[in-house]
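Now for the letters of each chain:
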There are 4 protein chains.
Amino acid sequence: MKPYIHKVKYYECDRMGITHHSNYIRFMEEARVDLLDQLGYGFEKMEADGIVSPVTEVNCTYRKTTTFQDEIVIDVHLAKVSTLKFDFEYVGRKDGAVVFIGRSTHCLMENGRPVVLKDRYPNLFNID
Amino acid sequence: MKPYIHKVKYYECDRMGITHHSNYIRFMEEARVDLLDQLGYGFEKMEADGIVSPVTEVNCTYRKTTTFQDEIVIDVHLAKVSTLKFDFEYVGRKDGAVVFIGRSTHCLMENGRPVVLKDRYPNLFNID
Amino acid sequence: MKPYIHKVKYYECDRMGITHHSNYIRFMEEARVDLLDQLGYGFEKMEADGIVSPVTEVNCTYRKTTTFQDEIVIDVHLAKVSTLKFDFEYVGRKDGAVVFIGRSTHCLMENGRPVVLKDRYPNLFNID
Amino acid sequence: MKPYIHKVKYYECDRMGITHHSNYIRFMEEARVDLLDQLGYGFEKMEADGIVSPVTEVNCTYRKTTTFQDEIVIDVHLAKVSTLKFDFEYVGRKDGAVVFIGRSTHCLMENGRPVVLKDRYPNLFNID
C-alpha cells in the first residue's frame, strides 16, 4: 500500500504557528479513506451498501510539531480485529522523522445494528 | 431580536494570531441559525418539513481583526426577498467597533424544487 | 468549577448527520480554556508570560452520537501531574447521558525548554 | 499556470451531504497559495520578508454542489491591482462544469503599514 501524504494548509495552523493538534485526527481519517480506496472498498461503496462506520475511539501521540506546507507521510494499517470492532494504526513522518502516532477504533453499522466483521467481510478482516 | 455572540476559539486563530477569515462565514451561519430559532422557525423544523436551504452566495468584508477570546456581537437581519431567493445581512462588532460586514443569499428547496418564498412562508418573507 | 457547555454547530456535523468525531478534540480544548479562565490562569496570561502549552497526547472515547443544536455539558479536571506533564480528563454529557470521555496530556514550554510544573506553579499543580 | 486541485474530504461535508459552503473559502486560499508557489513567491518567502497579507474581502457564488471525493479543479488569477489592494478571481470546476466562482481582496502589510504594491513588487503586480 502506498502511504498517504497530507500537505499542511495555512488554515490548519494555529497561533503557535504549528498544525493544530485536532487536525491530525482529520489527517488520520484522510489516510484510512485512502487505504480503503486502495483496497477497493471505499467509503462510497460502504455507504452504497447502507453501511456506516462510526469511530468509537481515537488516540494520537504528538512527537514533533509540523507547520504550513509540511508534507506529512502517513502509513496506516489494520492493527486489530475483534468480533465487532477494528483498529487502524497510523504513523506520520516528516522527512523520515516520526511526527505522530495514531490509533482509531471503528465498528460497522447496518440498519442500526452492528456488523459481525469476519462473517461479512472475510477478505478485509481475516488479517491473522 | 437579540444579537448573537460568538466567542473566538483558540483553534479558530491562524499563524498571524488572528481569527482565520474563513471562520466568519461560519459565524454568519451561527447567527442566522440563532435568528431563525428566535423567530420560531429553526433549521430543525425546516429539516423536519423536508426543506433544505442551500447558500447560493456569500460575501464578507473584514474591517478589523479579532483574536482568541474576543466576543463578536453579530446583528443579522433579512435584507432582501425575491421570488426564490433571500438575503441576510450581518454586522459583527467588538467593543462597539465594526469588525466585519457580511451578506449571504439563500433559496429553499423541497423535493429538489425551489420554493416560492412569499407563497409558502408569508409571515417570514413579507418584509416590505 | 462550572462545567463548560458546547452547543453543536451545523458545520460541525458530517454526512452521517452527527457531530464529526474530530470536533470533540476541539470541544476538549474549549473546556480546558474555560477551566483555566475560571482558575484565573487563562491562555492569555500564559502567553503573556511567554509560556506555550503544547498537547503531547489526546484520547477520546465516543459513547453516544450528538448532532446539531445538542448541548454537550463538559466536566474537566486535572487528573495527573508528573514532573513535566499533566493530564486533563473530560466527561461530556447530553441530557445526563455520557457522550464522550476524553483525556489530554500537556507540557509547558518556556523559551523552548520544558517547565518543571510543581516548582513553577505550585498552586496549580500540587493536586495531591 | 497549472490549476489547483482540491479533493473533498469527508469532514468537509455537512448534514445535507454536500461540501459545507464555508470550506470553499479555504479552497480559495489553498489555490492562491499554490499560485504564489508556482510564481516563486510563496507565503513562506513573504513571511520571511516580514510581510503579512490579510484578506480584506471575500465573495463566493455557489453554482453546483460537490461532495466527498469530488475533485474540484480551481483556476485562479490576479484580476485587479490598485495602489494598496489586489484581487484574485477563482473558478472551480468539477468534470468541466463550474461549481463556484470566487473573489478575494488582499493588501500587504509590513511593520503594520500597507505596502504600495507596484513599487515594491513590480514584477508581480504590473499586470496591465
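Please read these numbers as outputs of a predicted model, since none were measured by experiment. (Residues numbered from 1 in each chain as written. Chains lettered and ligands numbered in written order. Predicted model: local features only at pLDDT ≥ 70, side-chain atom pairs only at ≥ 80, totals over all residues. Heavy atoms only, no water.)

Q: Kindly report on the pairing of strand β3 (residues 55-62) of chain A, identifying the contributing residues and their values.
A: Across the eight residues of β3(A), six count as buried, placing the element largely inside the fold. Two strands pair when backbone bridges link them, and β3(A) and strand β3 (residues 55-62) of chain C are joined in this way by five bridges, in the antiparallel orientation. Considered in β3(C), the bridge of A:T61 is made with C:E57. (Buried < 20%, exposed > 50% of the residue type's maximum accessible area, 1.4 Å probe, protein only. Helix = DSSP H or I, 4+ residues; strand = E, 2+ residues; numbered from the N terminus. Pairing = 2+ DSSP bridges.)

Q: Just give me the short version of the relation of the copies chain C and chain A, but keep the residues and values in it.
A: The transform that puts chain C on chain A rotates by 180° and translates by 0.0 Å along the axis, for an RMSD of 0.0 Å. A rotation of that kind, with that shift, is consistent with a two-fold axis. If distances are taken from each C-alpha of chain C to the rotation axis, the shortest is found for C:N59, at 2.2 Å. The overlap is high: 100% of the interface residues of chain C also sit at the interface in chain A, so the same surface is used on both sides. (Least-squares fit on C-alpha atoms with pLDDT ≥ 70 in both. Contact = heavy atoms within 4.5 Å.)

Q: I'd love a proper account of unusual backbone geometry, names of residues and values included.
A: Notably, C:D95 is not glycine yet its phi reads approximately 50°, a positive angle. If you trace the backbone, C:D95 turns up in the loop between β5 (85-94) and β6 (97-107). The exposure class assigned to C:D95 is exposed, which follows from its relative accessible area of 75%. Backbone geometry at D:Q69 places phi at a positive 80°, although glycine is not the residue there. Inspection of the secondary structure puts D:Q69 in the loop between β3 (55-62) and β4 (71-81). In this structure D:Q69 comes out as buried when scored by relative accessible area, which is 13%.

Q: I'd like a rundown of helix α1 (residues 21-38) of chain C, residues and numbers included.
A: Since the α-helix turns once every 3.6 residues, residues separated by three or four places project in the same direction. All names here are of chain C. Compared with the 26 Å implied by 1.5 Å per residue over 18 residues, the 27 Å span of α1 between its first and last C-alpha is a close match. A large share of α1 lies buried, amounting to 15 of its 18 residues. Remark: G40 follows α1 within two positions and exhibits a positive phi of approximately 80°. (Expected span 1.5 Å × (residues − 1).)

Q: With reference to specific residues and values, describe the packing of helix α1 (residues 21-38) of chain B against helix α1 (residues 21-38) of chain D.
A: Viewed as axis vectors pointing N to C, α1(B) and α1(D) meet at an angle of 170°, and their least axial separation amounts to 8 Å. In terms of orientation, α1(B) lies roughly antiparallel with respect to α1(D). Every residue of α1(D) that contacts α1(B) at B:H21, B:S22, B:N23, B:I25, B:R26, B:E29 and B:R32 is listed here: D:H21, D:S22, D:N23, D:I25, D:R26, D:E29 and D:R32. Its residues placed into classes, the contact of α1(B) with α1(D) shows two nonpolar, six polar and six charged. (Axes fitted to C-alpha atoms, helices over the stretch in contact; angles between N-to-C directions. Parallel < 35°, antiparallel > 145°, perpendicular 65-115°, else oblique. Nonpolar A, V, L, I, M, F, W, Y, C, P; charged D, E, K, R; others polar.)

Q: Explain the side chain of B:D70 to me, and be specific about the residues and the numbers.
A: Within the secondary structure layout, B:D70 lies in the loop between β3 (55-62) and β4 (71-81). Not counting chain neighbours up to four residues away, the residues in contact with B:D70 comprise B:H6, B:K7, B:V8 and B:K94.

Q: Describe the interface of chain B and chain D, and please don't skip the residues or the numbers.
A: Facing the 22 residues of chain B at the interface are 22 residues of chain D. Together, the buried faces of chain B and chain D total about 2,000 Å²; carbon and sulfur atoms form 50% of this surface. Broken down residue by residue, the surface that chain B buries against chain D is led by B:M16, B:H21 and B:R26, which jointly contribute 24%. If you look at where chain B meets chain D, you find two salt bridges. Between B:R15 and D:E47 there is a salt bridge whose closest N-O contact spans 2.2 Å. Viewed at the interface, chain D and chain B are joined by 14 residue pairs in polar contact (both at pLDDT 80 or more). If you list the elements that add at least two residues to the side of chain B that touches chain D, you get α1 and β3 of chain B. Here the side of chain B that touches chain D is composed, by residue class, of eight nonpolar, eight polar and six charged. (Buried area = accessible area lost by both parts, 1.4 Å probe. Salt bridge = Lys/Arg side-chain N within 4 Å of Asp/Glu carboxyl O. Polar contact = N/O pair within 3.5 Å; in protein donor to acceptor, adjacent residues only side chain to side chain.)

Q: Give me the lowdown on the state of the cysteines, citing residues and values where you can.
A: In this structure the tally under the stated criterion is zero disulfides over all chains. Free of any disulfide, B:C13 has its nearest neighbouring cysteine sulfur in A:C13, separated by 13 Å. Relative accessible area serves as the criterion here: at 2%, B:C13 is assigned to the buried category. Of all cysteine sulfurs in the structure, the one in D:C60 sits closest to B:C60, which takes part in no disulfide; the separation is 13 Å. (Disulfide = S-S within 2.5 Å.)

Q: Describe the interface of chain C and chain A, with residues and values.
A: Contacts between the two partners involve 22 residues from chain C, matched on the other side by 22 residues from chain A. The junction of chain C with chain A conceals about 2,000 Å² of combined surface from both sides, 49% of it contributed by carbon and sulfur atoms. Counting the surface chain C buries against chain A, the share from its top three residues, C:M16, C:H21 and C:R26, is 24%. Where chain C touches chain A, the interface holds two salt bridges. Of all the elements in the fold, those that place two or more residues in the side of chain C that touches chain A are α1 and β3 of chain C. Ranked by the residues each element gives to the side of chain C that touches chain A, the list is headed by β3(C), at eight residues. A per-class count over the side of chain C that touches chain A returns eight nonpolar, eight polar and six charged.

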